[in-house]
Every structure is written in C-alpha cells, then in structure tokens.
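In case you want the letters, here they are:
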Amino acid sequence: MGVKVPTRLAGWLWPLAVANILCNIGIVVTGAAVRLTGSGLGCPTWPRCTEDSLRPHGELGINGAIEFGNRMLTFVLAVVAILCFLAAIAAKDRVATRLSFLIGLYIPAQAVIGGITVLTDLNPWVVSLHFLSSMVIIMFCLGLMDHLRSPARPAAPSAHRLVALLMFVTGWVVLYLGTVVTGAGPHAGDADARRNGLDPEMTSFVHAGSVALLIALTVLLLVLARRSGDRWLTVVTGALLGIELAQGLVGVVQYATDLPVLLVALHMLGAGLLAAGLARILLAVRPHEAQHDVPGALLSWASGEARDADHSQSPGGGEPLGDRRA
Ligand code: HEM
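Residues numbered from 1 in each chain as written. Predicted model: local features only at pLDDT ≥ 70, side-chain atom pairs only at ≥ 80, totals over all residues.

S.K.: Teacher, can you tell me more about the site of the ligand here?
M.R.: Close contacts around the ligand come from 27 residues, with G178, T182, G185, G251 and A271 the closest. Those elements that place two or more of their residues in the shell around the ligand are helix 5 (158-184), helix 6 (200-227), helix 7 (231-256) and helix 8 (261-284). With 7 residues, the single largest contributor to the shell around the ligand is helix 7. When its residues are assigned to classes, the shell around the ligand shows 14 nonpolar, 12 polar and 1 charged. (Near = placed C-beta within 6 Å. Helix = DSSP H or I, 4+ residues; strand = E, 2+ residues; numbered from the N terminus. Nonpolar A, V, L, I, M, F, W, Y, C, P; charged D, E, K, R; others polar.)

S.K.: It is not clear to me how the confidence of the model for the protein chain should be interpreted in this structure. Could you clarify?
M.R.: Detailed reading of the predicted coordinates is not advisable wherever pLDDT is low. On average, residues of the protein chain score 90 in pLDDT, and 89% of them are at 70 or above. Considering only residues more than four positions removed or in separate chains, one finds that residues 309-326, a stretch of pLDDT under 50, has 31 contacts. (pLDDT = per-residue confidence, 0-100. Contact = placed C-beta atoms within 7 Å.)

S.K.: I keep staring at the nonpolar core and nothing clicks. Help me out?
M.R.: It is characteristic of soluble globular proteins that their nonpolar side chains tend to be buried jointly. Judged by nonpolar contacts, the single largest core of 66 residues is most densely connected at C84, A87, I138 and A275. Elements represented by at least two residues in this core include exactly helix 1 (13-36), helix 2 (61-90), helix 3 (94-119), helix 4 (124-148), helix 5, helix 6, helix 7 and helix 8. Counting the residues that make up this core, at least three belong to each of domain 1 (7-149) and domain 2 (154-318). For A87, the residues in contact, after removing those within four places along its chain, are L9, A10, W12, L13 and L16. Grouped together as the second largest cluster of nonpolar side chains are 10 residues, L41, L122, V127 and F131 included. (Core = buried A, V, L, I, M, F, W, Y, C linked by C-beta atoms within 7 Å. Buried ≥ 20, exposed ≤ 12 C-beta atoms within 10 Å, placed from the backbone. Domains from an automatic or database assignment.)

S.K.: Please explain unusual backbone geometry as it appears in this structure.
M.R.: Here the bond from W46 into P47 is cis, since omega is 5°, no more than 30 degrees from zero. As for its position among the elements, P47 is in the loop between helix 1 and helix 2. At K92, a position not held by glycine, the phi torsion is positive, near 55°. Positioned with a positive phi, L259 is a non-glycine residue whose angle comes to about 55°. Mapped onto the fold, L259 is located in the loop between helix 7 and helix 8. Look at L259 and you get partly exposed, because 17 C-beta atoms sit within 10 Å.

S.K.: Help me out: how do you make sense of the packing of helix 3 against helix 4 in this one?
M.R.: A packed helix pair is summarised by two numbers, namely the angle formed by the two axes and the spacing between the axes. Between helix 3 and helix 4, the shortest axis-to-axis distance is 10 Å and the interhelical angle comes to 165°. Taken together, the axes of helix 3 and helix 4 lie roughly antiparallel to each other. Seen along the crossing, helix 3 lies across helix 4 with a hand that is left-handed. Residue classes in the contact of helix 3 with helix 4 are distributed as 16 nonpolar, 9 polar and no charged. (Axes fitted to C-alpha atoms, helices over the stretch in contact; angles between N-to-C directions. Parallel < 35°, antiparallel > 145°, perpendicular 65-115°, else oblique. Left-handed = near helix turned anticlockwise from the far one by under 90°.)

Here it is in structure tokens:
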C-alpha cells in the first residue's frame, strides 16, 4: 500500500474492528430515532441542512437537531473506519486492510443514499435501500471480526453449507420484507411523506411467514451442527436462533400494540444483530485459518474442538482446509 503508519496502531486493530460494528449498529438505532420522532425532514435538504445553511436554525426545532445530530454521527463512523484501516495496514494484514477499506468506502456511499432519502422526501423504497445498506456494512464489519478472531476450522459438510446459504438468503428476504412493512406503516419519518400503498396487515403477515421459514432453517442447522459435533457452528447458530426468537417476539408484540416507538427501535436494533448473525453463520461453515492468537475461554474451547472430526473422511464431508484457502 506504501502508506507509513505507526506500528503501535496494530495493537488497536481488534478494538477498532469492534468499534466499527458497534458504531454501524448504533447508527441504525439513531436512524430509528430520526424516523420515529418524525424528524426525517428535520433538515429539509442535503448536503446542506437548509438552502442557505449547513446547520439547522431555531425554526427547525427539535426535529432539525435530531436529524442534524444523526448526520454528524457519520463523521464519527468515518473516523473509526479510517483508524481501523490504518491499524490493519500497521498489522500488515491484507484481508483486514481490504475489509476495513470496504467498510470505510461504504460510509460516504451510505451518506449519499441518506441524502437521496431526504431529496426524495423520504420515498419509502429509498428509505428501505438506506436501511438495507446499513445491513451490508454490518455484515462486512462482522466479516472483519470473524477474520481477526474466530477458531481455525475446515469447511463444513455440504449439507451444513447449503442450509447456511438458504438461511442467509431467507434472512435477506426477512430484512427486505420488514422494510416493506415499514413503508406501508405509519412511521414514515415525516407527517407528509408518502407511503408505499401496500396493506400493512398483509405485508406483516408475509414478513412473519418468512421469519418462520428462517427459524425452521436455523433449527435445522443447529441439529446438523450438534450431530456432527461442531462446537463453533453450534454456538453461533444457537446465538442466532436466540436473536431470531427475541426479534420475532418484539415483532409480534409491536404489531399487536400498534407499533409503539420504543419497540420499533428495538426491532431495528434486532435487525442489525440479525444481519451480523447471518454473516457469522455464512462464515462459520467456510474454512478458516486463525490469523492471530484467539483469546477467550469460549473461542479457545471452540478452536480446540471445532470440527474435530475430519470431514474429508465423513460422507458428504467438506473440502480439506488447504484446498479452499485464498
Ligand atoms: C427474525 C425476526 C425478524 C426480523 C429480522 C425482522 C426485521 C424487520 C426489519 C428489518 C424491519 C424494517 C425496519 C425499518 O425499516 O426500519 C421490520 C419491520 C417490521 N416488523 Fe419485523 N422482523 C422480524 C420479525 C417480525 C415478526 C414476527 C413480526 C410480526 C408481525 C414483525 C413485524 C414487523 C412490523 C409490524 C414492522 C414495521 C414497523 C414499522 O412500521 O415501523 N417482525 N422487521
């Protein structure tokens, strides 16, 4: 890369990778605050707040302050992403450098999509794109964390990989349909913003149906992981199942109680966690060579025993680790 950075930054790579994901999940929740307080057009234009000012003025009131505050958080995200990128360079870790570069690149792209949501007066399909883009960044952040700290493992058997892939696709369908329900519902982000015109009840029903499929696939993967004695896959699939059940419960309660804002915000937090969990599962069935020492009782337990059975000898076993290294 030819960039000179202080080598001591390398020691900060892991904390910065964690900070990256926390910030990106955090901005989903503050984005929820913007929408749920009706502040989506608190700053009526973009990139300036108003035609003649970069910052909100008194007339825009609390809505202006909330929307502007969310815009400013972009800079916090950018600083963390840049530091993480520099730490990856200092650590001479090519995969981490590429991933943190991608995460950093996504932030201005997401700021522009956020700007387009304002310029289109909160068109629900653009709001959906803005939300789903955050889910993509969260997945990259999780990819970076997985690269830095997760147990060494060979590829999982093909049945596990197929179910994991189906879960990943279904998970994206769930996330997308969730945004369609939001586009049909009352929390538009501004009293005058248009809705997508679909029936909220029908879309909620389809959304919940896709959740049921996701949960069924997750239970299936959990059974497969347990049967093959794969501790790491069992742990991460069990954790994702917990997130799905909690998120499903929040979804049902918010639906039954006419969408109270706190529950809707919690549901958006759950969606961010689910995105991270889906990426984790997709990676957990792929081969991985531990790059750094893996501290922590849970990880070292899973490291020692992850897929201790040699899958190259089992029926339908995955490829040996060496064959799938990039
Ligand atoms: C794994 C479980 C679930 C996930 C990952 C999930 C995900 C999502 C996402 C991403 C959104 C859109 C958030 C936004 O655009 O701001 C959403 C909205 C919504 N979800 Fe879910 N959901 C789940 C379960 C459920 C269930 C079981 C129900 C029950 C009907 C439900 C009801 C709703 C409703 C009513 C909305 C619209 C909220 C609004 O208008 O602001 N969700 N969901």
